[in-house]
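Observations on chain architecture
Each chain, written out:
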Amino acid sequence: MHATLKKRLGKYALLATLVVSYLFLYLPILHIGLGSFAKNHTFPYPPRWTLDTFGRLFGNSLYQTAFFNSLLLGIGAAALATLLAAAATLGLMRHAGQRAGLYLTLFIAPLFVAEVLVGIASLIFNGLVLELQGNLVSAILANAVHGFSYALLIIATQLYRYDWRLDDAAMVFGASPSRTFFEVTLPLIWPGLLGAFIVTFIMAFNNLEISFYLLGATPTLPSVAWGALRYGVKPELYALATAVNLVVVLGLGLMFVLMLTGRASFGHRPERERAV
Amino acid sequence: MYITLDGVSRQYGSIWAVDRVTMGIGKNEFVSLLGPSGSGKTTLLRIIAGLEKPTTGRVLIDGEDVTDLPPHKRGVAMVFQEFLLFPHRTVHENLAFPLRMMKLPAAEIAERVAWVVGILSLGGLEKRYPNQLSGGQQQRVALGRGLVGRPKALLLDEPLANLDRELRQEMEVEIRRHQTALGIPFIYVTHNQEEALSMSDRIAVVRKGRIEDFAARTDIYDRPRTAFIAQFVGRSNRFEGVVEAGGQGIATRCGAALSLPAALPPGREVQLFVKNEKLRLEPDDGAGAGPNRLPCTVKDVILRGAYADYILAFGDRELNASRPRSERAFLAGEAVIARLEPGDIDLFDTDGERPS
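Residues numbered from 1 in each chain as written. Chains lettered and ligands numbered in written order. Predicted model: local features only at pLDDT ≥ 70, side-chain atom pairs only at ≥ 80, totals over all residues. Heavy atoms only, no water.

**Some words on the overall build of chain A**
Put simply, the rule reads: Each helix is a run of H or I in the DSSP string that is no shorter than four residues. Each strand is a run of E no shorter than two, and both are numbered from the N terminus. Here the radius of gyration uses the C-alpha set of atoms, whereas the globule reference equals 2.2 Å times the residue count to the power 0.38. Residue burial is assigned from relative accessible area. The probe radius is 1.4 Å, only protein chains are included, and a residue is buried under 20% of its type maximum, exposed over 50%, and partly exposed in between. Here, residues are in contact when the closest pair of their heavy atoms is within 4.5 Å. Areas reported here follow the Shrake-Rupley algorithm with a probe of radius 1.4 Å; residue values treat only the protein chains shown as occluding. His is not counted, nor are the chain ends; Lys and Arg add positive charge and Asp and Glu add negative charge. For charged residues, the charge sits on one atom: NZ in Lys, CZ in Arg, CG in Asp, CD in Glu.
Check the secondary structure of chain A and you find 11 helices and 0 strands. Starting at the N terminus, the α and β elements of chain A follow one another as α-α-α-α-α-α-α-α-α-α-α. Taking 2.2 N^0.38 as the reference for a compact globule, 276 residues should give roughly 19 Å; the C-alpha atoms of chain A span a radius of gyration of 23 Å, well beyond that estimate. Principal-axis analysis of the C-alpha atoms places the extent of chain A at approximately 75 × 70 × 30 Å. Going through the 276 residues of chain A one by one, you find that 41% of them count as buried. Pairs at least 24 residues apart make up 75% of the contacts formed inside chain A by residues separated by at least 6 positions. Entry remark: accessible area of chain A is about 15900 Å², with carbon and sulfur atoms responsible for 72%. Separation of charge centres in chain A, based on 18 positive and 11 negative side chains, amounts to 14 Å.

Rendered as structure tokens:
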């Protein structure tokens, strides 16, 4: 009797911890979300519903320009980071041999550099060495540096489980190296690449610390939001935060659905492990 | 020779995984590379496939030097131990893969896939994915993918190691039949001597990267060229001893007297192997020990179905004998005489070579 009570108490304690953790994580986001749909946006309890804030957001041409710039920045940086990270991971796993550990350390080192530092360092480097103006291109490059390390880790977890002997099989049966990649390797590892792309896209899309130094006069959503803060937290910012969150949630949701339906799965081992 | 390996070696770090291998394989030959794991036999196969580059030496296929050709230009095919079917492709797509790479017209691809589906009885499975097949079915698809392109040679890397015994024996017969029908060389890597013996024309015994012997399967079994082969192929009793005065007999360390098929210089240290099935058992007639007569006690009898394995106590060592069940059966504890003919002895120097 005593034991079951103890067990039950433990279970409730665990549940309570779980609920509190989730509240801690999601309450602020929910609060902003609620506020963005309410007339009384600073304290929306109970909310009086309206879409005014979104109207103001989408009516504002600065936000529109900023949105497209952010989109470009996100896609550009994500594409670059994913491409480079995929190539780097392939090289690490296939050709680095004994020195793989050293290369890996160098590849993920940017993870441990403060973003502000990456921003300033890139600014100086772009200005002094590359003679690049502060614009979208230099921001894409700097964000790709940061995203590269994350993309590398995500792709590596996928490729670690990939059976490279499948490539051997393809080549023995007449596929050139590039044909092998597109016929066999890519169809089996694309979930990892897509995952890396989505994560690095979200990071670059939301980034302020790096982009701030490199954008020059180009507005992006985070930089415009940062600038707007000087005039207080306006309703548009509530709408903006919610809209950005929605995009992010949609991206992750897409990934989740793909995995749930079995369209994307992570890693391929020889089939016989599952064979009867 | 249709396939020629000319002084092929492969170095990994300071280790020679394949060491100066020279061999020729005929167009209609079924050749096995037999050796313990780590002996370099798979590396040798991968060198022929082009998946590994030899450090030195040349590989010739059909008269052409392919040493520097990448695998996809060699026109050979391979069946892997892990099958390595493409998991994102159906059985039909897996089988069509080599043909698509050869850029054959669609009609011919369909025809050839239908042919291979027919000979391997894969009908009805074409739309399935590899993970929806049993191990045996995956094996057939892997074999079909190897045959469908009518390659210059088929390389098989322990293809039956993951199948259960019954299926394995079925596939042995089938693989051999396809080889005969297609008239192309099959090079078959295995550590399983039964597989090698049951299918091959010739067997190359591989040890530490070198070819210990490359000969007809009966020669490998009946007349092993080295002590390693005698030990590795078949199951044998090993004796050590010294050639007696007169050169006709040997006193083994365990106390047996064996007479030799041919005279040797007295005093020479040798090792001998006698295959388990060459030891004949007779009831003890009380006449005691003599040349090639070893009085033993039956310690244990292991029933194998068609034959029985006897574990015999001879002095303080064990001997193994394998007798058909059609012969007289002995029981544990019985006293028996183990007899052998001089011709049943495979004799080697202490370094493992035949005495010259």
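**A word on the domain arrangement of chain B**
Residues and elements named next belong to chain B. The criterion, for reference: Per the annotation, domain bounds derive from an automatic or database assignment of domains. Defined in terms of a 1.4 Å probe, buried area is the accessible area two parts forfeit on being brought together, summed over both. Salt bridge, as used here, is a side-chain nitrogen of Lys or Arg placed within 4 Å of a carboxyl oxygen of Asp or Glu.
Here chain B is partitioned into domain 1 (3–229) and domain 2 (235–240 + 270–349). Each of domain 1 and domain 2 has a C-alpha centre, and the two are 38 Å apart. Each partner contributes to the interface: domain 1 provides 6 residues, whereas domain 2 provides 6 residues. Around 520 Å² of area is buried between domain 1 and domain 2 when both sides are counted, 50% of it from carbon and sulfur atoms. Counting the surface domain 1 buries against domain 2, the share from its top three residues, Tyr 221, Pro 224 and Ala 227, is 77%. Across the domain 1-domain 2 interface, the total number found is 0 salt bridges.

**Considering the nonpolar core**
Residues and elements named next belong to chain B. What counts is decided by this rule: In plain words, nonpolar cores are sets of buried Ala, Val, Leu, Ile, Met, Phe, Trp, Tyr and Cys residues tied together by side-chain atoms within 4.5 Å.
Membership of the largest hydrophobic core comes to 90 residues, with the highest contact counts inside it found for Met 23, Leu 143, Leu 154 and Ile 175. No other element matches the 6 residues that helix H2 (residues 91–101) contributes to this core. Sequence-distant contacts of Leu 154, defined by excluding residues within four places in its chain, comprise Ala 77, Met 78, Val 79, Leu 143, Gly 146, Leu 147, Ile 184, Pro 185, Phe 186 and Ile 187. Counting 27 residues, the second-largest nonpolar core is a separate cluster that includes Leu 264, Leu 281, Phe 330 and Leu 340.

**Comments concerning the UniProt feature "transmembrane region" (unreviewed entry) in chain A**
Residue and element names in this part refer to chain A. What counts, and what does not: UniProt positions are given in the numbering used here, feature names are shortened, and annotations may be inferred rather than shown by experiment.
Within the UniProt annotation, "transmembrane region" (unreviewed entry) is assigned to residues 12–34, 66–90, 102–125, 137–160, 181–205 and 237–260. Helix and strand shares over residues 102–125 are 75% and 0% respectively, and the end C-alpha atoms of the span are 25 Å apart. Counted over residues 137–160, helix gives 100% and strand 0%. Its end C-alpha atoms are 32 Å apart.

**Observations regarding the UniProt feature "domain: ABC transmembrane type-1" (unreviewed entry) in chain A**
Cross-referencing UniProt, the feature "domain: ABC transmembrane type-1" (unreviewed entry) maps to residues 67–259 of chain A in the present numbering. In residues 67–259 of chain A, the share of helix is 81% and the share of strand is 0%. The end C-alpha atoms are 29 Å apart.

**Some remarks on the domain arrangement of chain A**
Residues and elements named next belong to chain A. Rules: Between N or O atoms, a polar contact is any pair within 3.5 Å; within protein, one atom must be a potential hydrogen donor and the other a potential acceptor, and residues adjacent in sequence are included only when both atoms are from side chains. Only Asp, Glu, Lys and Arg are considered charged, only Ala, Val, Leu, Ile, Met, Phe, Trp, Tyr, Cys and Pro nonpolar, and every remaining residue, Gly among them, polar.
On domain assignment, one finds that chain A holds domain 1 (1–50) and domain 2 (62–274). Placing a centre on the C-alpha atoms of domain 1 and another on those of domain 2 gives a separation of 32 Å. On the side of domain 2, 7 residues touch domain 1, which itself brings 8 residues to the contact. Roughly 590 Å² is buried in total at the junction of domain 1 and domain 2, and carbon and sulfur atoms are behind 72% of that figure. Counting every contact that joins domain 1 to domain 2 gives 0 salt bridges. For the pair domain 1 and domain 2, the interface holds 1 residue pair in polar contact (both at pLDDT 80 or more). Broken down by class, the residue content of the side of domain 1 that touches domain 2 amounts to 3 nonpolar, 5 polar and no charged.

**Details of the state of the cysteines**
Spelled out, the test is: Two cysteine sulfurs form what is called a disulfide whenever their separation falls within 2.5 Å.
Tallied over the full model, the rule gives 0 disulfides over all chains. Take B:Cys296: it sits in no disulfide, and the sulfur closest to it among the cysteines is that of B:Cys254, at 9.5 Å.

**Brief notes about helix H1 (residues 2–36) of chain A**
All names here are of chain A. Short version of the rule: In this analysis, the expected span of each helix is defined as 1.5 Å times one less than the number of residues it contains. In this scheme, the bend at a residue equals the angle between the axes fitted to the seven residues that finish there and the seven that begin there.
In this model H1 runs 50 Å from its N-terminal to its C-terminal C-alpha over 35 residues, within 8% of the 51 Å that 1.5 Å per residue would give. In the structure, H1 departs most strongly from a straight axis at Tyr 26, where the bend amounts to approximately 45 degrees and where the proline Pro 28 lies between one and four residues downstream. Gly 33, Gly 35 and Ser 36 are the residues of H1 that are buried. Looking at the buried residues of H1, the elements they touch are helix H2 (52–59) and helix H11 (235–260).

**Some details on the pattern of salt bridges**
For the structure on display, the rule yields 36 salt bridges over all chains. The residue A:Asp163 makes a salt bridge to A:Arg165 at a minimum N-O spacing of 3.0 Å. A residue is classified by how much of its surface remains accessible, and A:Asp163, at 5% relative accessible area, is buried. Taking relative accessible area as the criterion, A:Arg165 reaches 30% and is therefore assigned partly exposed. Residues joined in a network through salt bridges with shared partners are A:Asp168, B:Arg10, B:Arg46 and B:Glu52.

**Some points on the packing of aromatic side chains**
What counts is decided by this rule: We call Phe, Tyr and Trp rings a pair once their centres come within 6.5 Å, taking the six-membered ring for Trp, and we label the pair stacked below 30 degrees between planes, edge-to-face above 60, and tilted otherwise. Any Lys NZ or Arg CZ that is within 6 Å of a ring centre and within 35 degrees of that ring's normal is treated as a charge sitting over the ring.
For the structure shown, the criterion picks out 17 aromatic pairs over all chains. Aromatic pair B:Phe273 and B:Phe348: ring centres 5.8 Å apart, planes at 70 degrees, arrangement edge-to-face. Here B:Phe348 lies in strand E20 (residues 345–349) and B:Phe273 lies in strand E14 (residues 269–275), a separation of 75 residues in the sequence. You'll find B:Phe273 and B:Phe348 in the same group, each marked buried. Taken together, the aromatic side chains of A:Phe67, A:Phe68, A:Phe201 and A:Phe205 make up a single cluster linked through ring pairs. Looking at B:Lys27, its charged tip hangs above the ring of B:Tyr2, at a distance of 5.2 Å from the centre. The ring of B:Trp115 is capped by B:Arg150, whose NZ or CZ atom sits 4.6 Å from the centre of that ring.

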